[in-house]
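# Overview (structure and organization)
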Amino acid sequence: MVVDDMNPPILELSGFDAAIFDLDGVITKTAAVHAAAWKHLFDAYLRTHAGQTGEPFQAFDPIEDYCTFVDGKPRYDGVTSFLASRGITLPHGDPSDPPEHETICGLGNRKNVQFVKALHKNGVDVFPSTVALMRLLKSLGKKTAIVTASENGRAIVEAAGVTDLFEVMVDGRDARALSLRGKPHPDTFVRAAENLDVPPKRAVVCEDALAGVEAGRAGGFGLVVGLDRVGQADALHAHGGDVVVPDLEELVVRDEAGITWRSATALPSALDRFDDVLARLGQQPVVVFLDYDGTLTQIVDRPELAVLSQDVRDVLDALTRQCPVGIISGRDRKDVTNLVNLNSLIFAGSHGFDIAGPEHFTLSHEVGTQFAEALDRAEDRLRPLLEPVAGALIERKKFSIAVHYRLVDPGEVSRVEEAVTQVMDDSPDLRRSAGKKVFEMQPQLDWDKGKALLWLLEGMKWKEHQYQPVYIGDDLTDEHAFRELVERGVGIVVEHGSRFSSASYSLQDTSEVKTFLMQLSRDLESRTR
């Protein structure tokens, strides 16, 4: 990790094989729910205690007391730690103690009842930047795990719909069953690393609790990242944080290939830096490639509803008079060709498996046709498995199968993924990829949008020009194209939420894409004049 006052911290992935994340306050926004449940428990108990002893009542502080005495610790350790801070001792009791028992375990169980009620009532929100970072790490071949002191850990991740983000989980129940000491002892983190088959020095720990960063340091982990959610940066550093950030979107990730990945919110706007974009393109001929869904049209619940507006079609038509324009989409080529309804464009469907263009465009390309039977078999198996899952949508394409879960209840997403995994396990000729709220099953070939982009650029030398490409897209699958443009051209990510991207610039939405294309068209036209 490289840190200085002028630049954001850089996470060098060449030094690590895995990342281990705390749950509450790092992945899920349940820390406030925990803090409220602790306050409900301790305030009621302390009022009764004050009435019995005549001592003044001092309420539980849901920030300072929570962070200092209970955050990150096993439930019963938290009860013991906080009561000790008030000079109160109780018998430990037994984990089977009912909530009304005045023991450490009884009070801990009372807190858990309150927490579970709040969980069921309000659901679970996640920190989008953490989810984005975990998805990036998995896409780059890094292992991930979750470590939490909560005995409700598995229920929380299922309610949050993030079961696909990690390979290993060690929660409070595991710790109790295996006699693992809780944070600040490193036992649970070390156990997660062992289950990942990664030595601690080759793993990153991400924690928001003082006890958690202390455990990461005690376990000899290669890097401990502290998340300062409540204004305790100095304390996180003091307890063992190598670097402390207010949010994981502050990190810059550099992969083994030397490509940097930044949160899209940290990327410069392609509109604000339009002159910089033009400078990167230089005076060479330009070719523009675009994704369709989420780039030229809004993301919608059902694919057939993504209709291109006439004003965007007019902008594309005007741009084609100044430079070649191509659409590289996950849709079938015929589908996206009909939706755009402009004969002057190059169309690459099914993530570039199927490519064709206008009459003067002599390139055509189909790869993967021999996998039709494998896709048919996978589709036949998927449909009965997903029929009981409300909102799950299977979209069969010529060269792939897309399983959309945008309309699926977050708690049911794991069922969708399990069905896809089950079919994939028996489909060696297919590979799985992921996009925004979609699992995709594609032919087992080394081919993607980036490969399609390079193939097109190579083939476009028929005019003896070295085209400078601009690629604009919003999907995770567009990252294959952005990576190919790190040294040449311009990659622009259209971001509707939190996302780590290897693009150089960003645009906020489809309206900004239209504005950018209009400006580019005018600039190219002025060059011609």
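Details of the structure are given in the entry above.
Residues numbered from 1 in each chain as written. Predicted model: local features only at pLDDT ≥ 70, side-chain atom pairs only at ≥ 80, totals over all residues. Heavy atoms only, no water.

## Considerations on the pairing of strand 11 (residues 325-328)
Side chains V325 and I327 project from strand 11 onto one buried face, and the interleaved G326 and I328 project onto a second face that is buried too. Relative to strand 11, strand 10 (residues 286-290) runs parallel, the two sharing three bridges. From the neighbouring strand, V288 faces strand 11, where its bridge partner is V325. In this fold, the crossover linking strand 10 to strand 11 by way of helix 12 (residues 310-320) has right-handed handedness. In this region the chain leaves strand 11, passes through helix 13 (residues 333-340) and returns to the parallel neighbour strand 12 (residues 346-349); the handedness of that crossover is right-handed. (Buried < 20%, exposed > 50% of the residue type's maximum accessible area, 1.4 Å probe, protein only. Helix = DSSP H or I, 4+ residues; strand = E, 2+ residues; numbered from the N terminus. Pairing = 2+ DSSP bridges. Right-handed = clockwise from strand over helix to strand, strands pointing away.)

## Things to note about the environment of L13
Along the chain, L13 turns up in the loop between strand 1 (10-12) and strand 2 (18-22). Judged by its relative accessible area of 3%, L13 falls in the buried class. Sequence separation between L13 and N152 is 139 residues; the distance between their C-alpha atoms is 31 Å. With residues near it in sequence (within four places) discarded, L13 still touches L137, L140, K142, V253, R254, D255 and E256. (Contact = heavy atoms within 4.5 Å.)

## Quick look at unusual backbone geometry
The step from K183 to P184 runs through a cis peptide bond, and the omega angle for that step is 15°. With respect to the helices and strands, the residue P184 is situated in the loop between helix 7 (172-177) and helix 8 (187-196). Phi is positive for N341, close to 60°, though the residue is something other than glycine. Relative to the assigned elements, N341 resides in the loop between helix 13 and strand 12. Judged by relative accessible area, which is 54%, N341 ranks as exposed.

## A closer look at the packing of aromatic side chains
Pairs of aromatic rings are described using the distance from one ring centre to the other and the angle between the two planes. According to the stated counting rule, one finds nine aromatic pairs in the structure shown. Judged by centre distance (6.2 Å) and plane angle (65°), the ring pair of F69 and F82 falls under edge-to-face. Taken together, the residues span a long stretch of sequence, with F69 in helix 2 (residues 64-70) and F82 in helix 3 (residues 75-85) at a distance of 13 residues. The interplanar angle of 75° and the centroid separation of 5.5 Å between the aromatic rings of F274 and F516 together place this pair among those described as edge-to-face. With F274 in helix 11 (residues 274-281) and F516 in helix 18 (residues 510-528), the pair connects residues that are 242 residues apart, well separated along the chain. This pair shows no difference in class: F274 is buried, exactly as F516 is. (Phe/Tyr/Trp six-rings, centres within 6.5 Å; stacked < 30°, edge-to-face > 60°.)

## Structural notes on the sheet that holds strand 8 (residues 252-254)
Taken in spatial order, the four strands line up as 1-8-9-21 in an open sheet, and their pairing is mixed. A strand with exactly one partner marks an edge of an open sheet, and here the two such strands are strand 1 and strand 21 (500-501). Sheet topology places strand 1 next to strand 8; three bridges connect them, and they run parallel. When the bridges of strand 8 are listed, L11 appears paired with V253.

## Brief notes about the sheet that holds strand 4 (residues 168-170)
The six strands lie next to each other as 4-3-2-5-6-7, forming an open sheet whose pairing is parallel. Each end of this open sheet is capped by a strand with a single partner; those strands are strand 4 and strand 7 (243-245). The mean inter-strand angle of the sheet, taken between neighbouring strand axes irrespective of direction, is 20°. Bridging between strand 6 (residues 223-227) and strand 7 involves three bridges; their strand directions are parallel. (Axes fitted to C-alpha atoms, helices over the stretch in contact; angles between N-to-C directions.)

## Notes on the side chain of T28
Along the chain, T28 falls in the loop between strand 2 and helix 1 (31-53). Here T30 takes part through its side chain, which lies 2.8 Å from a polar atom of the side chain of T28. Excluding anything up to four places from it in sequence, T28 contacts L23, V124, D125, V126, F127, I156 and A160. (Polar contact = N/O pair within 3.5 Å; in protein donor to acceptor, adjacent residues only side chain to side chain.)

## A closer look at the pattern of salt bridges
Applying the stated criterion across every chain, the model contains 34 salt bridges. The salt bridge involving R415 is made with E412; its shortest N-O contact spans 2.9 Å. For E412, a relative accessible area of 27% translates into the label partly exposed. Across the pair R527 and D523 runs a salt bridge, and its minimum N-O distance is 3.6 Å. Of this pair, R527 and D523 both sit in helix 18, four residues apart, roughly one helical turn. What makes R527 partly exposed here is its relative accessible area of 29%. (Salt bridge = Lys/Arg side-chain N within 4 Å of Asp/Glu carboxyl O.)

## A short note on the pairing of strand 17 (residues 430-435)
Both strand 17 and strand 18 (residues 438-443) contribute to a ladder of six bridges, which runs antiparallel. Following the sheet pairing, G435 is matched in strand 18 by V438. Once strand 17 ends, the chain turns through two residues before running back antiparallel as strand 18, passing K437 with a positive phi of about 60°.

## A word on helix 11
Along helix 11, the positions that sit buried rather than exposed are F274, V277, L278 and L281. Buried positions in helix 11, seen along its axis, are confined to an arc of 95° and lie on one side of it. Along helix 11, exposed side chains directed more than 90 degrees from the buried face belong to D275 and A279. The secondary structure elements touched by the buried residues of helix 11 are strand 10, strand 19 (468-473), strand 20 (490-494), strand 22 (505-507) and helix 18. Looking one or two residues past helix 11, G282 carries a phi angle of roughly 70°, positive in sign. (Arc of directions from axis to C-beta.)

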